[in-house]
Amino acid sequence: MSNALHSDLPGLPEDGLLSLGEYLDMQRAIGQETRYRILHALLREGERSASELADALDVPSNRLHYHLDELVDVGLVQNRKRKDRGGDGLYSYYEATALGEAIMTHGVAELIAEERDLRERYA
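Residues numbered from 1 in each chain as written. Predicted model: local features only at pLDDT ≥ 70, side-chain atom pairs only at ≥ 80, totals over all residues. Heavy atoms only, no water.

Glancing now at unusual backbone geometry. The phi dihedral of aspartate 58 falls on the positive side, at around 55°, and the residue is not glycine. With respect to the helices and strands, aspartate 58 occurs in the loop between helix H4 (50-57) and helix H5 (61-73). (Helix = DSSP H or I, 4+ residues; strand = E, 2+ residues; numbered from the N terminus.)

And the structure:
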């Protein structure tokens, strides 16, 4: 994006990590009801496995995984793996990111401000 176009966007940091398109992708992602419900559940209940989410939301596993992948791809949810207590394998769980929380609270304009604040805080 050219600097002239970039500077016309209110509040978008010139050295930002995310483009306007990426912010809009996030907004579009939660515009779908199942993805909105997933993100809302993660913010309300905290980290959850895919099977816990499928049961809580009454969503078939294959459909849930498709929507979780979409949310992970745009950065609203992260998938983490850790050793399960008492088990030999890895436990995979999902949790909302800071951007996921921000978009549910404020939308795209606030996401842009959140990135700016995070960059200043951790720079």
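There is more to say, and it comes next.
This next bit is on the pattern of salt bridges. As enumerated under the stated definition, the model contains 4 salt bridges in all. Between glutamate 45 and arginine 44 there is a salt bridge, and its shortest N-O distance comes to 2.9 Å. A salt bridge links arginine 48 to glutamate 45; the nearest nitrogen and oxygen atoms lie 3.5 Å apart. By relative accessible area, which is 26% here, arginine 48 ends up partly exposed. Three or more residues are tied together by salt bridges with common partners; here these are Arg44, Glu45 and Arg48. (Salt bridge = Lys/Arg side-chain N within 4 Å of Asp/Glu carboxyl O. Buried < 20%, exposed > 50% of the residue type's maximum accessible area, 1.4 Å probe, protein only.)

Position of glutamate 115 among the secondary structure elements: in helix H7 (residues 108-122). No salt bridge is formed by the buried glutamate 115; its nearest oppositely charged neighbour, arginine 119, is found at 4.5 Å. Of note is the side chain of glutamate 115, whose polar atom sits 3.5 Å from the backbone nitrogen of leucine 18. In this view, glutamate 115 contacts Pro13, Gly16, Leu17, Leu18 and Tyr23; residues no more than four positions away in its chain are not counted. (Lys, Arg positive; Asp, Glu negative; His and termini not counted. Polar contact = N/O pair within 3.5 Å; in protein donor to acceptor, adjacent residues only side chain to side chain. Contact = heavy atoms within 4.5 Å.)

Moving on to the side chain of glutamate 95. Checked against the element boundaries, glutamate 95 lands in strand S2 (residues 90-96). Among the polar contacts listed, one links the side chain of glutamate 95 to the side chain of glutamine 78, at a separation of 2.8 Å. Within the structure, glutamate 95 has its side chain in polar contact with the side chain of arginine 80 (distance 2.7 Å). Other than its neighbours up to four places away in sequence, glutamate 95 contacts Leu42, Glu47, Leu76, Val77, Gln78 and Arg80.

Axis separation between helix H3 (residues 33-45) and helix H6 (residues 98-105) bottoms out at 10 Å; the angle between their running directions is 110°. Judged on the interaxial angle alone, H6 and H3 are roughly perpendicular. In terms of crossing hand, the pair formed by H3 and H6 is left-handed. Residues Tyr36, Leu39, His40 and Leu43 of H3 form the contact with H6, whose participating residues are Gly100, Glu101, Ile103 and Met104. Tallied by class, the residues present in the contact of H3 with H6 amount to 5 nonpolar, 2 polar and 1 charged. (Axes fitted to C-alpha atoms, helices over the stretch in contact; angles between N-to-C directions. Parallel < 35°, antiparallel > 145°, perpendicular 65-115°, else oblique. Left-handed = near helix turned anticlockwise from the far one by under 90°. Nonpolar A, V, L, I, M, F, W, Y, C, P; charged D, E, K, R; others polar.)

This part takes up the packing of aromatic side chains. With the rule as written, the count across this model stands at 1 aromatic pair. Arranged with centres 5.8 Å apart and planes meeting at 25°, the rings of tyrosine 91 and tyrosine 93 form a pair that is stacked. Given a relative accessible area of 8%, tyrosine 93 falls into the buried group. (Phe/Tyr/Trp six-rings, centres within 6.5 Å; stacked < 30°, edge-to-face > 60°.)

This brings us to the confidence of the model for the protein. Within the protein, residue pLDDT values average 84, and 86% of them lie at 70 or more. Put simply, helix H1 (residues 3-7) is where the protein has its lowest mean pLDDT, 48, and H5 is where it has its highest, 96. Counting contacts from residues 1-6, a segment whose pLDDT is below 50, to residues more than four positions away or on other chains yields 5 contacts. (pLDDT = per-residue confidence, 0-100.)

Buried within H6 we find Leu99, Gly100, Ala102, Ile103 and Met104. Just beyond H6, the residue with positive phi is glycine 107, at close to 95°.

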